[in-house]
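Tertiary structure, described
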Amino acid sequence: MRHPDAPAPGELLGAHYGQCFGCGDEQPHGLHLQARAGEGVTITAEFTVQAAHQGAPGLAHGGVLATALDETLGSLNWLLRTIAVTGRLETDFVRPVPVDTVLYLEAEVTAVAGRKIYCTATGRIGGPEGPVAVRADALFIEVKVDHFIDHGREEEIRAAMSDPDQVRRARAFEVNP
């Protein structure tokens with residue numbers, strides 16, 4: 001169930017961490033994915049495929065598309081107010097996504113069982129009614145903040161934990177970095 005303190009439907013979630021390749025605004029070649037809270041435990045998100053995101057000439061790299069799906073699915077955890085990491089991501093590539101295309105993503109939590117969070121996402125070219133380009137099903141595993149402290153690079157952990165902005169400090173560890 002959606003956490004009572006989750007962002008309201010339609011609210012822009014913003015970057016959880018400035019250096020995140022998926023949503024961070026400090027990553028010059030990142031996706032700069034923008035996610036919004038939906039109804040229930042759903043998210044919508046968009047990003048524009050840039051030239052830096054190419055695999056084949058003029059087309060998005062499959063890994064970039066998988067990253068967009070992972071970032072969108074990970075943002076669902078913000079609605080649950082749960083710290084979780086990607087345990088499994090199964091991706092279907094349905095059609096090529098050209099450079100300069102907006103990829104519109106929708107994701108939802110389908111089940112929660114103990115520490116396991118099951119979710120699904122779809123990416124469409126151009127908007128919510130556009131043709132399906134990618135799909136993913138994922139399993140996220142709830143973890144404690146110690147997971148990041150124990151495994152992250154010390155200088156980034158220290159910088160995030162010393163941020164005077166309490167919300168930014170907490171959000172740095174709230175989705176799937």
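Keep in mind that what you see is a predicted model, and the values were worked out from it rather than measured.

What counts and how
Residues numbered from 1 in each chain as written. Predicted model: local features only at pLDDT ≥ 70, side-chain atom pairs only at ≥ 80, totals over all residues. Heavy atoms only, no water. pLDDT = per-residue confidence, 0-100. Helix = DSSP H or I, 4+ residues; strand = E, 2+ residues; numbered from the N terminus. Salt bridge = Lys/Arg side-chain N within 4 Å of Asp/Glu carboxyl O. Buried < 20%, exposed > 50% of the residue type's maximum accessible area, 1.4 Å probe, protein only. Core = buried A, V, L, I, M, F, W, Y, C linked by side-chain atoms within 4.5 Å. Contact = heavy atoms within 4.5 Å. Pairing = 2+ DSSP bridges. Axes fitted to C-alpha atoms, helices over the stretch in contact; angles between N-to-C directions.

Low pLDDT means the predicted coordinates in that region are not meant to be read closely. Averaged over all residues, the pLDDT of the protein equals 87, while 84% of them reach at least 70. By mean pLDDT, the top-scoring element of the protein is strand β5 (residues 116-125) (98), and the lowest-scoring one is helix α2 (residues 146-151) (58).

Moving on, we come to the pattern of salt bridges. Where charged atoms from two side chains of opposite charge approach closely, those side chains can pair. This structure, assessed with the given rule, holds 1 salt bridge. Residue glutamate 90 pairs with arginine 88 through a salt bridge whose shortest N-O separation is 3.5 Å. For arginine 88, a relative accessible area of 36% translates into the label partly exposed.

All right, on to the nonpolar core then. With 37 residues, the main nonpolar core has Leu33, Phe47, Leu73, Leu76, Val97, Leu103 and Leu105 as its most contacted residues. If you list the elements that add at least two residues to this core, you get β1 (34-37), β2 (42-48), α1 (62-80), β4 (102-113), β5 and β6 (132-142). Sorting elements by how many residues they give to this core places α1 first, with 9 residues. Not counting residues within four places of it along the chain, the set of residues in contact with phenylalanine 47 comprises Leu31, Leu33, His53, Val64, Leu65, Ala68, Thr101, Val102, Leu103 and Leu105.

Secondary-structure assignment places glutamine 50 in the loop between β2 and α1. The spatial distance from the C-alpha of glutamine 50 to the C-alpha of alanine 60 is 8.0 Å, given a sequence separation of 10 residues.

Spatially, the 6 strands line up as an open sheet ordered β1-β2-β4-β5-β6-β3, and their pairing is antiparallel. Of all strands in the sheet, those with a lone pairing partner are β1 and β3 (84-93), marking the two edges. The mean angle between the axes of side-by-side strands here comes to 20 degrees, regardless of whether they run parallel or antiparallel. Here β5 runs beside β6; their pairing, made up of 9 bridges, is antiparallel.

Moving on, we get to the pairing of β1. Sheet faces and side chains relate simply in a regular strand, where the side chains alternate between the two faces. Burial along β1 is one-sided: the face carrying Ala35 and Ala37 is buried and the face carrying Gln34 and Arg36 is not. Sheet topology note: the β1/β2 ladder contains 4 bridges and is antiparallel. Bridge pairing in β2 places alanine 35 opposite alanine 45. Hairpin connection between β1 and β2: a loop of 4 residues separates the two successive antiparallel strands, and glycine 40 in this loop has a positive phi of roughly 60 degrees.

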